[in-house]
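# Reading the structure
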Amino acid sequence: MAKRNIKNPETEAHIDNDVMLRASAIGAVLLGIVLALSFLLLPGVLGASKFGRAVQIGLELLIIWLVLTSTIRSIHHIRAEIATWKLLLAGGLTAVVGPLVRELALLIASQFSENITLEKYNFKGLWFFAGLGLLAASIATIRLRIKNRALGNMLELALIALVAFLFFYYMK
């Protein structure tokens, strides 16, 4: 007699949470280490000019985007039926914990080198990273879950337009 494959909802929720938290932790550590390395190495390569600093910020935003979207895609490929809100939460967690890991890595590096000077960390910046993580996770989730390309592109465009409107509305 064949054994039935019945899914237990409690076990499935536990596995979803476990995958989400582990992938977020790995993504956050990777993000933090890469951001710390970019902080230490890129000023020497790009120089201390205003343009060099702008290029460094652009590269760091690209790194954040790549790590966040690959974390979301990894979670989705491991657990295809995971709830959408868990994907969004994973993106937010990765984006918030990554800069904290960066600060920890820079603090450890400053103990070994006198050339590294750190300023007091501004925890208000975590709101920026949480928003950036939510935006990246939202776009990655739209790409993964919406099968109709035209609808997905319209949703992405609407989301980016909403974020741009809110940014300019609150920054004036």
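See the structure shown above.
Residues numbered from 1 in each chain as written. Predicted model: local features only at pLDDT ≥ 70, side-chain atom pairs only at ≥ 80, totals over all residues. Heavy atoms only, no water.

In this section: the packing of aromatic side chains. Taken as a whole and assessed by the stated rule, the structure comprises four aromatic pairs. On the basis of an interplanar angle of 70 degrees and a centroid distance of 5.4 Å, the ring pair of Phe 128 and Phe 129 is categorised as edge-to-face. Judged by its relative accessible area of 48%, Phe 128 falls in the partly exposed class. Measuring from ring centre to ring centre gives 5.4 Å for Phe 167 and Phe 168, while their planes differ by 75 degrees; the resulting arrangement is edge-to-face. For Phe 167, a relative accessible area of 46% corresponds to the partly exposed category. Accessibility expressed as a relative area gives 60% for Phe 168, which makes it exposed. Among the aromatic residues, those joined into a cluster by ring pairs are Phe 165, Tyr 169 and Tyr 170. (Phe/Tyr/Trp six-rings, centres within 6.5 Å; stacked < 30°, edge-to-face > 60°. Buried < 20%, exposed > 50% of the residue type's maximum accessible area, 1.4 Å probe, protein only.)

The next thing to look at is helix α1 (residues 9–46). In this model, α1 (38 residues) spans 52 Å end to end at C-alpha, consistent with the 56 Å of a helix rising 1.5 Å per residue. The sharpest bend along α1 measures roughly 35 degrees and falls at Leu 40, with the proline Pro 43 sitting one to four residues further on. Of the residues one or two after α1, Gly 47 is the one with positive phi, at around 90 degrees. (Helix = DSSP H or I, 4+ residues; strand = E, 2+ residues; numbered from the N terminus. Expected span 1.5 Å × (residues − 1). Bend = angle between axes of the 7 residues up to and from the residue.)

On to the packing of α1 against helix α3 (residues 84–112). For the pair α1 and α3, the least separation of the axes is 6 Å and the interaxial angle reads 40 degrees. By the angle class used here, α1 and α3 are oblique. Handedness of the α1/α3 crossing: right-handed. Residues of the contact of α1 with α3, tallied by class, amount to 20 nonpolar, six polar and three charged. (Axes fitted to C-alpha atoms, helices over the stretch in contact; angles between N-to-C directions. Parallel < 35°, antiparallel > 145°, perpendicular 65-115°, else oblique. Left-handed = near helix turned anticlockwise from the far one by under 90°. Nonpolar A, V, L, I, M, F, W, Y, C, P; charged D, E, K, R; others polar.)

Right, let's talk about the nonpolar core for a bit. Where a protein is soluble and globular, its nonpolar side chains tend to be buried together. Of all hydrophobic cores here, the largest spans 12 residues; its members are Leu 31, Leu 35, Ile 63, Ile 64, Val 67, Leu 68, Ala 95, Tyr 121, Leu 126, Phe 129, Leu 132 and Ala 136. Only α1, α2 (50–78) and α4 (125–145) provide two or more residues apiece to this core. When neighbours within four sequence positions are excluded, Ala 136 is seen to be in contact with Trp 65, Leu 68 and Thr 69. In terms of nonpolar packing, the next biggest core, distinct from the first, is built from 11 residues, Ile 72, Ile 75, Leu 87 and Ala 90 among them. (Core = buried A, V, L, I, M, F, W, Y, C linked by side-chain atoms within 4.5 Å. Contact = heavy atoms within 4.5 Å.)

This part is about the packing of α3 against α4. It is at 8 Å that the axes of α3 and α4 come closest, and there the two elements cross at 145 degrees. Crossing handedness for the pair α3 and α4: right-handed. In this structure, α3 uses Thr 84, Leu 87, Leu 88, Gly 91, Gly 92, Ala 95, Val 96, Pro 99 and Leu 100 to contact α4, whose residues at the interface are Leu 126, Phe 129, Ala 130, Gly 133, Leu 134, Ala 137, Ser 138, Thr 141 and Arg 145.

What follows deals with the side chain of Ser 138. Within the secondary structure, Ser 138 sits in helix α4. Accessibility expressed as a relative area gives 15% for Ser 138, which makes it buried. Of note is the side chain of Ser 138, whose polar atom sits 2.6 Å from the backbone oxygen of Leu 134. If sequence neighbours within four positions are ignored, Ser 138 has contacts with Leu 88 and Leu 159. (Polar contact = N/O pair within 3.5 Å; in protein donor to acceptor, adjacent residues only side chain to side chain.)

Further remarks concern the environment of Leu 118. Tracing the backbone shows Leu 118 in the loop between α3 and α4. Residue class for Leu 118 comes out partly exposed when judged on its relative accessible area of 31%. A C-alpha to C-alpha distance of 7.8 Å links Leu 118 and Leu 106, two positions 12 residues apart in sequence. Leave out the neighbours within four places in its chain, and Leu 118 touches Phe 39, Leu 106, Leu 107 and Ser 110.

Moving on to the side chain of Glu 103. Within the secondary structure layout, Glu 103 lies in helix α3. Judged by relative accessible area, which is 17%, Glu 103 ranks as buried. Polar side-chain contacts of Glu 103 include one of 2.6 Å to the side chain of Arg 102.

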